[in-house]
Structure formats: C-alpha cells, structure tokens
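# Residue-level structure breakdown
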Amino acid sequence: YTEETAGPDTAAHLDIPPEAPVLRRLLVVAVHNIPQAMMISYTPLGTVAGTPLMDPRLEPYPGGWRAAVEDHLGIRISTIPLRVDVRPPTREEARLLRLQLTDRVYALWSALETADGQVIETALSIYPTDRWVISGTVDVDRLREGRQP
C-alpha cells in the first residue's frame, strides 16, 4: 500500500483531478512461491483515509475489496465493469511475474461503481496467458428478459 498522486489515466478512470492523492495497492498472488497473477488498484485517498482500509494487514479481505468498501465505508457497490485485453507485459509485470517481455498477459481492467456512477476504485489485474484460461457463460434467458448478463 502506498499513497501516490493520480496520473492522467488513473484520474480519468476515477473521475478525479490529475495529481489528486490516491491509495495504490499492489498485490501479487503466488502458488508454491511462483507468482501467478498481480493486481494494482487505485482508490481516491479521501475515500479511505483514516479508515481500516488503509491497513494492508486486512488483505486478503473476505469477499474482496468490494466487501471491504461496503463493510467499512458503508458505500454500496452496484456495478463492476470489466474489460480484458491481451498484450505483452510491462517491465514491472514481467519482473514480478517472472515473465519474458515477449510473453503475453491478460490485462483485466475493472472498477467498483456506485448506483450513481461514482467510481470508488479502478484496478488492473494481470494474468499470464500460459497460466490462465478465461471462460464464461451467457444466460440467454436473462438476456431475453432484458437483464444484463
């Protein structure tokens, strides 16, 4: 956990001014000491300052960061948009995940949004393509009813 200032992309994702203070969380998941995935997230510092969410010893929080936000801040998350890209790893990602710069990763962007559209967190999760498979199911009946999948 580090306190930083938001760069232009992070600020745009969070709808905050560039250079606004944010909490940056970097988590690396390893199995048998072999890194399998990593996640970098940003939350506006004003949202979490002075709360238990500033304490990295809470990780991993039961139910994840969404549950922590709801439990400790009383902010209800209603939407988590996702986007997956495939690309080469950055130098930092390659170092942390023990990859070559010519390897490929799934880059999963997500956000925690309230019903009124406020973004509480933006996150980038990185999964090496040789260690992960992405799959899903589309519930056609749910689509017919006009509900989101």
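Below or above, wherever it landed, is the structure these notes cover. Not measured: the values here are computed from a predicted model.

Moving on: the nonpolar core. Counting residues in hydrophobic clusters, the biggest one holds 19 residues, and the most contacted among them are Leu-14, Ile-16, Val-22, Met-38 and Ile-126. At the level of elements, helix 1 (8-14), strand 3 (34-44), helix 4 (91-97), strand 5 (105-113) and strand 6 (119-128) are the ones that each hand at least two residues to this core. Beyond its immediate sequence surroundings of up to four residues, Ile-126 is in contact with Ala-37, Met-38, Arg-87, Glu-93, Leu-97, Val-105, Tyr-106 and Ala-107. Membership of the second largest hydrophobic core comes to 12 residues, among which are Leu-23, Val-48, Ala-68 and Val-69.

This next bit is on the packing of aromatic side chains. The way to describe two aromatic rings as a pair is by their centre distance and the angle between their planes. Summed over all chains, the structure comprises one aromatic pair. Between the NZ or CZ atom of Arg-25 and the centre of the ring of Trp-65, over which it lies, the distance is 3.8 Å.

Our focus in this paragraph is the side chain of Arg-24. The residue Arg-24 is located in strand 2 (residues 21-31) in this model. Separated by 3.3 Å, the side chains of Arg-24 and Tyr-42 make a polar contact.

Bringing the environment of Thr-79 into the picture now. Mapped onto the elements of the fold, Thr-79 is located in the loop between helix 3 (64-73) and strand 4 (82-87). In this structure, the C-alpha to C-alpha distance between Thr-79 and Gly-50, residues 29 residues apart in sequence, is 25 Å. A distance of 3.5 Å separates a polar atom in the side chain of Thr-79 from a polar atom in the side chain of Ser-78.

This part covers the sheet that holds strand 6. Where strands meet in a sheet, backbone hydrogen bonds hold them as pairs that are either parallel or antiparallel. Taken in spatial order, the six strands line up as 1-2-3-6-5-4 in an open sheet, and their pairing is antiparallel. The open sheet has two edge strands, strand 1 (2-5) and strand 4, and neither has a second partner. Across the sheet, the axes of successive neighbouring strands diverge by a mean angle of 25°, strand direction being ignored. Judged from the five bridges that link them, strand 3 and strand 6 form a sheet pairing that is antiparallel.

Take unusual backbone geometry next. In this structure, the amide linkage connecting Glu-59 to the following residue, Pro-60, adopts the cis form with an omega of -10°. Relative to the helices and strands, Pro-60 is located in the loop between helix 2 (45-48) and helix 3. One non-glycine residue with positive phi stands out, namely Asp-15, at about 55°. Looking at Asp-15, the relative accessible area reads 71%, which means it is exposed. Located in the positive-phi region is Glu-19, a residue other than glycine, with phi close to 75°. By the element assignment, Glu-19 lies in the loop between helix 1 and strand 2. In this structure Glu-19 comes out as exposed when scored by relative accessible area, which is 54%.

Rules used in this analysis
- Residues numbered from 1 in each chain as written.
- Predicted model: local features only at pLDDT ≥ 70, side-chain atom pairs only at ≥ 80, totals over all residues.
- Heavy atoms only, no water.
- Core = buried A, V, L, I, M, F, W, Y, C linked by side-chain atoms within 4.5 Å.
- Buried < 20%, exposed > 50% of the residue type's maximum accessible area, 1.4 Å probe, protein only.
- Helix = DSSP H or I, 4+ residues; strand = E, 2+ residues; numbered from the N terminus.
- Contact = heavy atoms within 4.5 Å.
- Phe/Tyr/Trp six-rings, centres within 6.5 Å; stacked < 30°, edge-to-face > 60°.
- Lys NZ or Arg CZ within 6 Å of the ring centre and 35° of its normal.
- Polar contact = N/O pair within 3.5 Å; in protein donor to acceptor, adjacent residues only side chain to side chain.
- Pairing = 2+ DSSP bridges.
- Axes fitted to C-alpha atoms, helices over the stretch in contact; angles between N-to-C directions.

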